[in-house]
Every structure is written in structure tokens, then in C-alpha cells.
Amino acid sequence: MAGDEILRVEDLHVTFSGRGGDVHAVNGVNLTVRRGEILGIVGESGSGKSVTSAAIMGVLPPAPACRVHGKVLFEGVDLLSSSERAMQSIRGRQISMILQDPLSALNPVMKTGDQIAEVFRIHHGLSGRSLMDAVINALKRVRFPSPERGAASWPHQLSGGMRQRVVGAIALGCEPDLLIADEATTALDSTIQLQYLDLIKERQRIDGLSVVVITHDFGVVARICDRVAVMYAGKVVEEAPVETLFSGPRHPYTKALLNAVPKLNTDLSRLEAIEGVPPRLWSPPVGCSFAPRCAGSVVECTTRPPVPVAIGDHHSVACWRVAS
Amino acid sequence: MVWFIGFRLVQGVISLVILSMIIFGLTRLSGDPALMMINDNSSRAEYEQIHRSLGLDRPIHEQYYIYVTKALQGDLGISIHSRQPVSQLLAQRLPNTFALLGVAAIMTIFIAVPLGTLAGANTGSFIDRFGQLVSGLGQSVPVFVVGFVLILVFSVYLRILPSGGMVGWKSYIMPSLCVAIFWAAGIIRVLRSSMIDAIRSDFVKFARIKGVSRSRTVWVHALRNSLLPVVSLGGMYVAIGITSSVIIEAVFSWPGVGDLVQHAIASRDFPVIQGVVLTASLIIVVANILTDLVYAALDPRIRL
Amino acid sequence: MIPATVATSAPKRRARMLAGAPIISLSIIAIFLAMVVLGQAMTLHAPNQINLALKLHPPALLGGSWEYPLGTDWLGRDLYSRIVVGARASFVVVVGVLLVGGLGGAALGVISGYVGGTTDALIMRCADATLAFPIILLAVLITVTMGPGTANLIIALCLVLWARFARIVRGQVLVIREQNFVVLARSSGVSGVTIMLRHVVPNVVNTLIVVMTLQIGWIIIVEASLSFLGAGIPPPTPAWGSMAARGRDFLTTGWWVPAVPCLSIALVCLSFNIVGDWLRDRLDPSLRGGPD
């Protein structure tokens, strides 16, 4: 593993066993996150992005309901083969995660301050005065107005934006090396969204925090990401630095996604949608998963799954048409 | 806050009034109470005297008024069977019933909370099936059946526990256990399903992401949430407890209110029944009000 | 986050509906119904015939004879025959309560849910009040004041049971009311009564079947408990509950005397509950975890 890589996901496969059969949520995902970098993972629902993040954190349901293969190397240690004890120590301290819905992320019958304090109590063994100080500091770091009152409040008394800051305070409390933000701003108003994203960017700048931002919103990607990976049907189909992806997307799916986003000068009478139906994750096709919806597929697209091919500066695409 | 208590108290009083009217009305349907107090040798004059002394010659709403005022002063009539004041009989017997229910309550907590929590946290496991078994018992079997089984096993075969009466600490075990099983049955069901919801919730997921151990998410995070629905049913459990104690006291010859009721049924001693039902109504109404107050105090989302 | 499961084909779904039918429970219910219907025809001896010479004989499998397969009680009466006759007594109560209390409660639930407003509030307040009250005490009060008898017992049970039906049915009605076909009927001027009868009622039938089955066990338990206390089905009918009560004194000398009626009660209740759960999972899973 390269020295400046903090996270490397190698050939990750996640399969869920349900009553109707197996669902292949993640089919061979490879990702790397460099130290101090913000990687965005973009895709529609069902693309496998959230499952990937859950796999990294080790919070997927246990076998036999869910089977995981591959490697998740964090600072050189494979998280998938680590013990639960080791993972508990890593979660919240070295790798943190923020979820989409701040209201449901906080326990309604526990005070806000207690929930923040928990990370410090578990990971740093703090108590008493130093614990309270740590809680207040954590709230200050996410620019929470009047932290003392916030700590004494109940979750339902706070607004959505405030709650998400509390979640951020918990996630960043122990100053982790890696933060995973899974649709963290989706449920927020647009102005709050921007503030929150800037908060994350600030942490990257000041603390050297590495971030994985999972989203379906290209606006978020544009705002704070350094690099982007596009996922479809459990695979990474394109990976590139942000400017490169926006200016020159090569994978048909990426192009279609970007086309579907209305821009200021778009003729709104015709919004572009992506043709076809979402992928069948329970019986993945033999070739490329996107082939049924792709306008320009060639013969190989239906016989062999495409492999990622480097086509430029840190730019890789998994598409037979591009590779040829 | 004050509004809330006041409102509930008013509701409670209304309920009690309606219940007392029903109880009063039913007893007037039973025929002439004076007839019950005399025997074959009494003269008509005696009958009429009793008739008058019971106020039966007054109009019905006056009778009701007398009934209520007497009850409020603690006069619940005289038992036909034993000629003692009903309130005195109740005062003798209620402590015994409360003792039984108190022990049963402690047992219930020790049975239901662990079983319900572990069943909900480990669905499909052995302990889940066992919890569901206990819970199913409460709905499939009358409480006296459990009593009989326990007597058979522990009194008749193993001879280690007394089969009846209220003598010594050993006599508490089986009757309390019977009540506890039925209380636990209801609690386990509610607790288990709340735990299942809580464990699937986002805040438990987030707690694990924070690095909280699985057992702590179950016993601290999920349980705290899951106990709320259990508390909200507190009034219902009081009612179940009263019901169970009546039958269990009959099975185990426990000298409490239930035993009193059973003998009163046999001798059609309706002043006793009337007094018991009225007292029970009062207890249940109070219990419901207390439950609401406790629940409001515990759930931070209901700030008064 | 976890993807949804896959749709299966129609024949598979139908097979799954019938599979897992609780055979044992259904058999026990069948036997119970046979006892109810055939009554005296199924007995081996006259159920009330006293024969002191034969008192306290154990059941056939425990050393007795097959002429008295479940043993005899302290008066030499055949337990098996008494159980058979007692079945009908319990069943009459069940049917009576279900018809009057169940259907009545359901009707009130439909009205309450559909009409809404003050009527709804009023009906639901009454329902809540009745639900909170211990049925045993209420039934005891009624039996003692109005006299013992199956009819009074049924009345007492109806007074409490109607509330359960009313609540659950009302819940269903509230949902159905907002469905498109009802809204359409309302806006085209169809009268309320017609809507209730033609549209709402057929859709609550499934729920009603499930709730009725699940309540049968409860009715039997309450009836048995009341008979146990002496406030249920009056003698000389051999109600299972009173058989158990009288048999309590013979736990040492003839434990089968109370055990046989207790076991009968337990088996029948359990069977109805299991079948009720199975029906609920098939017909209306939304009832799972509903009020007791």
C-alpha cells in the first residue's frame, strides 16, 4: 500500500441472501483514498455505494444473511479480517461516519450532550470535567451556536441543521483520520447544506482529514470533492479528478447522469432521463451491467464484464467502447 | 403540567362516576336486597323495616346519592354472609393481596426484562423462542392451569413447597410466580417488539458506528427506548394483576381479596362483590392516571 | 440500504399460502368441533352418572381401563364424556360472544371509523373505558347480581369484547376510507350507509376473521376462569373450568381429575391461537403486534 494512501478497497464483493435469492449489491469494487483527500462516490440508489461504506465500517449484517469478500485496507490493516473488538476501537476514533437522517441518528431519550460524551468515554476514557470540556469543544469545532445549551438539550428540540452538526461533532470528536459522509447533506436545506460542506472542507484543510463523500448530487461533488468515483450496479464504472470528470466524462453512464442534471441554461421543457430500467442485482448479466441501457454498446459489452482501464491522469473507465 | 394533571383527574372522576353508576345499577337489578337479608321466619314488619333501613323506599337517584356518599365515607355495606362491614373485610384482606402482587411484581421484572430484551436482540435464537413460549403461555392458558401444574410438581411430587395458605416465605413462591408469568407474558411481547424496532433503528446503527459495543447498544440505547411502551401499559397491568390475583388466590387458598370474592360468589354476597368492584375501579382509575404521569415524565418528547 | 426481495410467480405464492398450515392445531380444533356437533353421540357414558364404586380410576394409559379412557372423578363419573359435553357448553359461549359482541363491536367500529367526529370520539371513549376494566370482576358482578346462567355470562363477555373489535375494525376503516374507490363513491353522492355496506364492510371481513379466531382462545380462557370461580356456566353442566375447580382437592389422590379439563382448555386455546396467527399472517399481516 502506497505511503500516502489511507484507505484501499480491493475487489470488494457483498452479497445479501434474501427469500427471493441472492442480491449482489457490490461486485468487485476497487477504491483508494489518499491522505487528506476528499473522494466522492456518486451513483443512484441501488448502486452499492452505501453498502460499500457499511462494509468499510464493518456494520453489515453477519453471515449468512450477508457475505463479504475482498479486502479493506486501512493504514495497511485489513478491516474485513479484524476482530469485532479491534473494529470497535477503530469506529468513532479512527474512522467515523455520518448518516443521512440526523433526527433518527440521535437517540430521542438520551440528552444530546450524553450522546456526544459517549465517544469520549469509550475511546479516551474521559470523565467528569474533562469529559464536559471535550463535549463543548466538539460542538465548537462544528460551529454549534451556544454549545452549553446544545449539550443540555434533547435531540427533538434541535433543528435539522443543528442535529446534523451534533452528528458531525460526534463523528469528528476523536479527530479521526477518515470520515465517511453517507448522503450527509441530502436531508438538509440548501443553505445549511453549503455551510455543512464547507465545515467538512475546513476540517480537511486544518486537520488533514480524509473524507469519502457518498452522494447522488453532483453539486456536492463539485463543491468539495477532489476526486470522484461513479458507481453503477455494484461496480465502479469511472474514476477521475473532479474537473476532469465534469469537463470530459467518458463512461456512457456518467455522461447520461451529468446530462440528466438540469443546468441554468438547460431547456427545462425537456429533461433528460436515462433510458431503461435499474439493474437487476439478483441476477447480474454476463457482460456490462449498463449495456441494456447503453446507446452505443458493442458485442463485447454483453459477453464480458468490462475492466477499468486507465485513460489519462488518474482517470480510469470500465467500458469496452472506450477501451477499444 | 398542572393543566395535564387537572385534566386527567377530571377524566378519572368522570370514569369513576360512570363505573359507580353501572355497579349501582347492576345491584339494583338483582332483585330486592331486603329479601336477601331476611330468612323464612321473619315477619312482614321485619322485612319492611329492613327495606326502609336500606333506603329502598326512596327514589332511585336518592338511593344512588346515599350509596355514593356512604362509599366516600368508607361505608360499603354489610356482608350478607358474614355480617361484617365490607370495608372491614377489605381492610383485612387487601394487605395480603398487595403482598402477593408485590412479590409477583419483583419476579416479573427479573423474568420479563432480561427475556424480552434478549429475545428482541437475538431474534430466532433459543432465548427468543423461549421468550415467545412464555409469552404465548399467557394467552393460551388460564392462570389456574399454571397454578395446578406448579402445585403438582412442587407440592405433590417434590414436596418442597406448600400447596396453599399464607404461612412462611415458601408459600409466596408459587402464587407469585403464577401472577408473574402472566404479567411477564404481556411485557415480553411488547418489550421484544420494541427492541426489534429499536435495534433496527438508525440511532443504534449510529451508536455502533461511534464504536459502542453491541451489548451496550442493546442494554443501554435500545432498552431505554423500549421500556417506554411497556410503562405506557402500566394501567393495563394493574387490571391484569387484579384479575389474576382473584383466580390465583382461589387456587392457593391465599387469604386475600380474591379469596373473599370467590366465597362471595358462592354465597351470592353481592355487597361484598359490589364493594370489591368499586374499590378495584378506584385502584384502576388511579393507576391509569399515575401511568400517564409517569410516562409523560419519562419521555422527553412530551414536555409539559 | 439492503435491497428489496424479489417478486415470485403466482403459483409459488399460492403454494406458500397453504404451506405451513398448522396441522396439529387444526386437528385439535376438528376434534373439538366434533365434540360440539356430535355431543352426546360421542360420549361413552352418561356424563352425570354417578357410580361411587368406580371413583378415582386413572386414565387408560396410566393403568386404568379403556372403558373410561380419561379416568373417572370422585363421584365415579366418566371424565371423557364430561369433557365432550363441556365442549359444547364452552362453544355456545364462544359463538354467542362472537356473534353479539364481535359483530356488534365490528359494526360500531365501522360506524365510528367512517362517520368520525363526535360519534367516533364518543364510541372510542366508551371502548377505552371498557377495555381498561378487568373482565373477570365485571362478569362476576353481573353473574352475582343478575343470577348465574350462560346468557348472563355471554352478556358480560360481550360488554368487554365489543371494544376490542370496535378498535381494530375502526383502524381498518380509517385506512379504507381514504382509498380511492371510497373517495370516488363519496364524491359521486352515494349515501353513507350504502358506502359502508357495499365498500367498507367487504374489506374488513379479512381482518374480522383473523380477530375473531384470535379472540376465541381468550373467550374460552375467560369462560373457564369464571366457571372456575363459580361465576360462569352453572351446574349441572360440566364446564371445563368448574371441573378443574372441583378437582383441585384431588391433586394428590387423583391428579388427572383436574388435569384432564386443564389440558383440554390449554390444547384448544393454543390451537385456536396458532391457527389465528397463521390466518393473520396469510390474510392481514398488518395486524401483527396489535392490541391484545
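Residues numbered from 1 in each chain as written. Chains lettered and ligands numbered in written order. Predicted model: local features only at pLDDT ≥ 70, side-chain atom pairs only at ≥ 80, totals over all residues. Heavy atoms only, no water.

Focus on the overall build of chain C
Next up, step 1: Each helix and strand in chain C was counted, giving ten helices and zero strands.
Next up, step 2: Of the regular secondary structure in chain C, the N- to C-terminal order runs α-α-α-α-α-α-α-α-α-α.
Next up, step 3: Summarising its shape, the C-alpha atoms of chain C cover approximately 75 × 55 × 40 Å along the three principal directions.
Next up, step 4: Per-residue burial for chain C yields a buried fraction of 52% across its 292 residues.
Next up, step 5: Once local pairs closer than 6 in sequence are excluded, the contacts in chain C between residues at least 24 apart make up 73%.
Next up, step 6: For chain C, the accessible area works out to roughly 13,100 Å², and carbon and sulfur atoms hold 67% of it.
Next up, step 7: Taking the 20 positively charged and 12 negatively charged side chains of chain C as two groups, their mean positions are separated by 7 Å. (Helix = DSSP H or I, 4+ residues; strand = E, 2+ residues; numbered from the N terminus. Buried < 20%, exposed > 50% of the residue type's maximum accessible area, 1.4 Å probe, protein only. Contact = heavy atoms within 4.5 Å. Areas by Shrake-Rupley, 256 points an atom, 1.4 Å probe, with all protein chains shown as cover. Lys, Arg positive; Asp, Glu negative; His and termini not counted. Charge placed at Lys NZ, Arg CZ, Asp CG, Glu CD.)

Digging into the pattern of salt bridges
Here the idea is simple: oppositely charged side chains can pair when their charged atoms come close.
Residue and element names in this part refer to chain A.
Next up, step 1: Taken as a whole, this structure holds 25 salt bridges over all chains when the rule is applied.
Next up, step 2: Two residues, Glu75 and Arg35, come together in a salt bridge whose shortest N-O distance is 3.1 Å. Highlighted residues: Glu75 in the loop between β4 (66-74) and β5 (77-78) and Arg35 in the loop between β2 (21-34) and β3 (38-42), separated in sequence by 40 residues.
Next up, step 3: Put simply, Arg141 and Glu175 hold a salt bridge, and the shortest N to O gap is 3.4 Å. Highlighted residues: Arg141 in helix α5 (residues 128-141) and Glu175 in the loop between α7 (160-172) and β7 (178-182), separated in sequence by 34 residues.
Next up, step 4: Residue classification places Arg141 among the partly exposed positions, given a relative accessible area of 22%.
Next up, step 5: Here the salt bridges do not stand alone but share partners, grouping Arg34, Glu37, Arg227 and Glu239 into one network. (Salt bridge = Lys/Arg side-chain N within 4 Å of Asp/Glu carboxyl O.)

As for the domain arrangement of chain A
Residues and elements named next belong to chain A.
Next up, step 1: Along its sequence, chain A is carved into domain 1 (5-94 + 177-274) and domain 2 (101-175).
Next up, step 2: Of the residues lining the interface, 17 residues belong to domain 1; the matching set on domain 2 comes to 14 residues.
Next up, step 3: Around 1,300 Å² of area is buried between domain 1 and domain 2 when both sides are counted, 59% of it from carbon and sulfur atoms.
Next up, step 4: Our enumeration of links across domain 1 and domain 2 arrives at one salt bridge. (Domains from an automatic or database assignment. Buried area = accessible area lost by both parts, 1.4 Å probe.)

Examining the packing of helix α5 (residues 86-121) of chain B against helix α6 (residues 126-140) of chain B
Residues and elements named next belong to chain B.
Next up, step 1: α6 packs onto α5 with a crossing angle of 130 degrees between their chain directions and a minimal axis gap of 8 Å. Taken together, α5 and α6 sit at an angle that is classed as oblique. Both α5 and α6 take part in a crossing whose hand is left-handed. Here Leu115, Leu118 and Ala119 of α5 lie close against α6, whose contacting residues are Ile127, Asp128, Phe130, Gly131 and Val134.
Next up, step 2: Here the residues of the contact of α5 with α6 are counted per class, giving six nonpolar, one polar and one charged. (Axes fitted to C-alpha atoms, helices over the stretch in contact; angles between N-to-C directions. Parallel < 35°, antiparallel > 145°, perpendicular 65-115°, else oblique. Left-handed = near helix turned anticlockwise from the far one by under 90°. Nonpolar A, V, L, I, M, F, W, Y, C, P; charged D, E, K, R; others polar.)

What about the packing of aromatic side chains?
Next up, step 1: All told, the structure shown has 15 aromatic pairs over all chains when counted by the stated rule.
Next up, step 2: Here Tyr172(B) and Trp254(B) contribute two aromatic rings whose centre-to-centre distance is 4.9 Å and whose plane-to-plane angle is 80 degrees, an arrangement assigned as edge-to-face. Of the two residues, Tyr172(B) sits in helix α8 (residues 170-200) while Trp254(B) sits in the loop between α11 (234-252) and α12 (257-266), which places them 82 residues apart along the sequence.
Next up, step 3: Tyr172(B) sits in the partly exposed class, given a relative accessible area of 22%.
Next up, step 4: Taking 6.0 Å as the distance between ring centres and 65 degrees as the angle between the ring planes, the aromatic pair formed by Phe32(C) and Trp240(C) counts as edge-to-face. Of this pair, Phe32(C) sits in helix α2 (residues 23-38) while Trp240(C) sits in helix α9 (residues 240-247), and the two are 208 residues apart along the sequence.
Next up, step 5: Cation over ring: Arg164(C) sits above Trp218(C), and NZ or CZ is 4.2 Å from the ring centre. (Phe/Tyr/Trp six-rings, centres within 6.5 Å; stacked < 30°, edge-to-face > 60°. Lys NZ or Arg CZ within 6 Å of the ring centre and 35° of its normal.)

Quick word on a nonpolar patch on the surface
Next up, step 1: Residues Val149(B), Val153(B), Tyr157(B), Leu158(B) and Ile160(B) make up a contiguous nonpolar surface patch of about 480 Å² in total accessible area.
Next up, step 2: With respect to the helices and strands, Leu158(B) occurs in the loop between α7 (143-157) and α8. (Patch = residues over 30% accessible without salt bridge, like charges linked within 9 Å, V, L, I, M, F, W, Y side chains within 5 Å.)

Digging into helix α9 (residues 202-210) of chain B
Next up, step 1: With seven of nine residues buried, α9(B) is to be regarded as a mostly interior element.
Next up, step 2: Within α9(B), burial applies to Phe203(B), Val204(B), Phe206(B), Ala207(B), Arg208(B), Ile209(B) and Lys210(B).

Thoughts on the side chain of Thr243(B)
Next up, step 1: When you line up the elements, Thr243(B) lands in helix α11.
Next up, step 2: Contacts of Thr243(B), omitting those with residues within four sequence positions, involve Pro134(C) and Ile136(C).

Some details on the nonpolar core
Across soluble globular proteins, nonpolar side chains have a tendency to be buried as a group.
Next up, step 1: Ranked by size, the top nonpolar core spans 152 residues in total, and within it Phe144(B), Ile273(B), Val140(C), Ile219(C) and Phe228(C) carry the most contacts.
Next up, step 2: In terms of residue count, the dominant contributor to this core is helix α8 (residues 192-229) of chain C (18 residues).
Next up, step 3: Within the second largest apolar cluster, 99 residues are counted, among which are Val23(A), Val72(A), Val167(A) and Leu245(A). (Core = buried A, V, L, I, M, F, W, Y, C linked by side-chain atoms within 4.5 Å.)

So, the interface of chain A and chain B
Next up, step 1: At the interface, 26 residues of chain A touch 19 residues of chain B.
Next up, step 2: Each partner contributes to the roughly 2,200 Å² buried at the junction of chain A and chain B, and carbon and sulfur atoms together form 60% of this total.
Next up, step 3: Interface area lost by chain A to chain B is led by Leu99(A), Val109(A) and Glu118(A), which between them contribute 24%.
Next up, step 4: Remark: the boundary between chain A and chain B carries three salt bridges.
Next up, step 5: Across the chain A-chain B interface, the total number found is twelve residue pairs in polar contact (both at pLDDT 80 or more). (Polar contact = N/O pair within 3.5 Å; in protein donor to acceptor, adjacent residues only side chain to side chain.)

Things to note about the interface of chain C and chain B
Next up, step 1: Across the boundary between the two partners, chain C contributes 36 residues, which contact 44 residues of chain B.
Next up, step 2: In total, chain C and chain B occlude about 3,400 Å² of area from one another, counting both sides; carbon and sulfur atoms represent 75% of this.
Next up, step 3: Across the contact surface, chain C and chain B share zero salt bridges.
Next up, step 4: Between the two partners, chain C and chain B, sit two residue pairs in polar contact (both at pLDDT 80 or more).
Next up, step 5: Sorting the residues of the side of chain C that touches chain B by element identifies α4 (117-132), α5 (135-146), α8, α9 and α10 (256-283) of chain C as the ones contributing at least two each.
Next up, step 6: The element that contributes the greatest number of residues to the side of chain C that touches chain B is α5(C), accounting for eight residues.

Comments concerning the side chain of Asn273(C)
Next up, step 1: Looking at the secondary structure, you find Asn273(C) in helix α10.
Next up, step 2: A distance of 3.3 Å separates a polar atom in the side chain of Asn273(C) from a polar atom in the side chain of Ser140(B).
Next up, step 3: Setting aside its immediate chain neighbours within four residues, Asn273(C) contacts Gln139(B), Ser140(B), Leu214(C) and Gly217(C).

Description of the packing of α8(B) against helix α10 (residues 214-232) of chain B
All names here are of chain B.
Next up, step 1: Put simply, α8 and α10 touch, their axes get as near as 8 Å, and they point 130 degrees apart. Judged by the angle between their axes, α8 and α10 are oblique. Regarding α8 and α10, the two cross each other, and that crossing is right-handed. Contacts between α8 and α10 pair Ile187, Val190, Leu191, Ser194, Met195, Ala198 and Ile199 from the former with Val218, Ala222, Leu223, Ser226, Leu227, Pro229 and Val230 from the latter.
Next up, step 2: The residue makeup of the contact of α8 with α10, split by class, is twelve nonpolar, two polar and no charged.

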